[in-house]
Amino acid sequence: ILNACGKPSTGVNQIKSGAEDYVSTSNVIKQIVTSLMGLAEFQASRIAANPNNPNLSPLLAKTLLWFFTRWAPAYIIPSSNEYDSRRLESGNDGILAAWSDQDSSQQAVSFCITLCLHYLCYWPQETQVQEGGSELLLGLARRGRQVRILLMQSPSMEHLVNLHSNTAAMIH
């Protein structure tokens, strides 16, 4: 679209083609994020089955958490303060709309909490992974009231709170 707008000889069909490219790019980005979620779920399930498996990578876990720490606060219920509100209200805004409705945002938040819970339970000795999970949850909690409500509605949050309640005395 930027190329089309930058040339005075650009026709309407070329601009429409640019808009279609934007939609297809948004779909590719959604697929990449979904694939990374799948990879993280797969690794978490393998960790749950055998946390001492030498083929599992704490560095991969740390990297995935790093990505989700940056992705989740920006794309789960995006803030109209940070983006043009007309883009959010248009309904066909591609990547901004992907995790902005109630169902998709709740699924994404639940995914993040469950992933952190797995890492906390099965890799407590991996401090960088623990820090990454904490940063992800903190980033979501700082996001705003709507996201905090989603955090509290997730069944995994109850498990996380119970884990903390049961183990806090052992740590301190």
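Just above, that's the structure.
In what follows, the accompanying structure is described.

What counts and how
- Going along each chain's sequence as written, the residues are numbered from 1 onward.
- Residues qualify for local features only when their pLDDT is at least 70, as the model is predicted, and side-chain atom pairs are given and counted only at 80 or more; totals for whole chains, interfaces and linings, by contrast, use all residues.
- Only heavy atoms go into the side-chain values, all of them from the structure, while hydrogens and water stay out.
- Counting from the N terminus, the helices are DSSP H or I runs at least four residues long and the strands are E runs at least two residues long.
- Any residue under 20% of the maximum accessible area for its type is buried, any over 50% is exposed, and the rest in between are partly exposed; the area is computed with a 1.4 Å probe on protein chains only.
- Any pair of residues with heavy atoms lying within 4.5 Å of one another is described as a contacting pair.
- A 1.4 Å probe and the Shrake-Rupley method give the accessible areas. Residues count as covered only by the protein chains that appear here.
- How far a helix is expected to stretch is found by multiplying one less than its residue total by 1.5 Å.
- Here the arc refers to the directions that run from the helix axis out to each C-beta atom.
- The nonpolar core is taken to be a set of buried Ala, Val, Leu, Ile, Met, Phe, Trp, Tyr and Cys residues, with the residues joined through side-chain atoms within 4.5 Å.
- Two N or O atoms count as a polar contact when they lie within 3.5 Å, although within protein this holds only if one can serve as hydrogen donor and the other as acceptor, and sequence-adjacent residues are included solely when both atoms are side-chain atoms.
- Think of each axis as a best-fit line through the C-alpha atoms, taken over the contacting stretch in the case of a helix, with angles from 0 to 180 degrees between the N-to-C directions.
- Any angle from 65 to 115 degrees is called roughly perpendicular, while one under 35 is roughly parallel, one over 145 is roughly antiparallel, and all others are oblique.
- What makes a crossing left-handed is the near helix being turned counterclockwise from the far one by less than a right angle; a clockwise turn instead makes it right-handed.
- Throughout, the ten residues Ala, Val, Leu, Ile, Met, Phe, Trp, Tyr, Cys and Pro are labelled nonpolar, Asp, Glu, Lys and Arg are labelled charged, and all others, Gly among them, are labelled polar.
- The criterion for an aromatic pair is that two Phe, Tyr or Trp rings (for Trp, the six-membered ring) have centres within 6.5 Å, with stacked assigned to planes under 30 degrees apart, edge-to-face to planes over 60 apart and tilted to the rest.

## Section: the overall build of the chain
Along the chain, the regular secondary structure elements total 8 helices and 0 strands. In the chain, which comprises 172 residues, the proportion classed as buried is 35%. Pairs at least 24 apart in sequence give 69% of the contacts found in the chain among residues at least 6 apart. By element, 55% of the accessible surface of the chain is carried by carbon and sulfur atoms, the whole surface being about 10,600 Å².

## Notes on helix α6 (residues 127–141)
Over its 15 residues, α6 runs 21 Å from end to end, which matches the ideal 21 Å to within 8%, given 1.5 Å per residue. Within the span of α6, buried status applies to Val-129, Gln-130, Gly-132, Gly-133, Leu-136, Leu-137 and Leu-140. For α6, the buried positions fall inside an angular range of 160° around the axis, keeping them on one side.

## Concerning the side chain of Gln-130
Among the secondary structure elements, Gln-130 is positioned in helix α6. Apart from the residues within four sequence positions on either side, Gln-130 is in contact with Tyr-119, Leu-120, Trp-123 and Pro-124.

## Notes on the nonpolar core
Ranked by internal contacts, the top residues of the largest apolar core, which has 37 residues, are Phe-68, Trp-71, Ile-76 and Tyr-119. Going through the elements one at a time, α2 (12–49), α3 (58–75), α5 (102–122), α6, α7 (145–153) and α8 (155–171) are the ones with two or more residues in this core. When residues of this core are assigned to their parent elements, the largest contribution, 9 residues, is made by α5. Dropping the residues within four chain positions of it, Tyr-119 is found in contact with Gln-43, Ile-47, Ala-61, Leu-64, Leu-65, Pro-124, Val-129 and Gln-130.

## What to know about α5
The end-to-end C-alpha separation of α5 is 30 Å, in line with the 30 Å expected for 21 residues at 1.5 Å each. The residue sitting at the N-terminus of α5 and contributing the capping side-chain oxygen is Asp-101; that oxygen lies 3.1 Å from the backbone nitrogen of Asp-103.

## Remarks on the packing of α3 against α5
For the pair α3 and α5, the least separation of the axes is 12 Å and the interaxial angle reads 150°. As the angle between them shows, α3 and α5 are arranged roughly antiparallel. As α3 packs across α5, the resulting crossing turns out to be left-handed. Counted together, Ala-61, Leu-64, Leu-65, Phe-68, Trp-71 and Ala-72 of α3 and Ala-108, Phe-111, Cys-112, Leu-115, Cys-116 and Tyr-119 of α5 form the full contact between these two elements. Of the residues in the contact of α3 with α5, the class split is 12 nonpolar, no polar and no charged.

## Here's the deal with the packing of α5 against α6
It is the contact of α5 with α6, at a shortest axis distance of 9 Å, that shows an interaxial angle of 155°. Considering their axes alone, α5 and α6 lie roughly antiparallel with respect to each other. As α5 packs across α6, the resulting crossing turns out to be left-handed. Of the residues in α6, those in contact with Cys-112, Ile-113, Cys-116, Tyr-119 and Leu-120 of α5 are Val-129, Gln-130, Gly-133, Leu-136, Leu-137 and Leu-140.

## Considerations on the packing of aromatic side chains
Going through the model one piece at a time under the given rule, you end up with 5 aromatic pairs. Taking the centre distance of 6.0 Å and the plane angle of 75° together, the rings of Phe-68 and Trp-71 count as edge-to-face. On the criterion of helical spacing, the pair formed by Phe-68 and Trp-71 is a turn pair, its members being 3 residues apart in helix α3. Both residues of the pair, Phe-68 and Trp-71, belong to the buried class. Both rings, one in Trp-71 and one in Trp-99, keep their centres 5.0 Å apart while their planes meet at 90°; by these two values the pair is edge-to-face. One end of the pair, Trp-71, is in helix α3; the other, Trp-99, is in the loop between α4 (85–89) and α5, and 28 residues separate them in sequence. The exposure classification of Trp-71 matches that of Trp-99, with both residues buried. Taken together through their ring pairs, the aromatic side chains of Phe-67, Phe-68, Trp-71, Trp-99 and Phe-111 make up a single cluster.

Geometric values such as these leave the question of function open.
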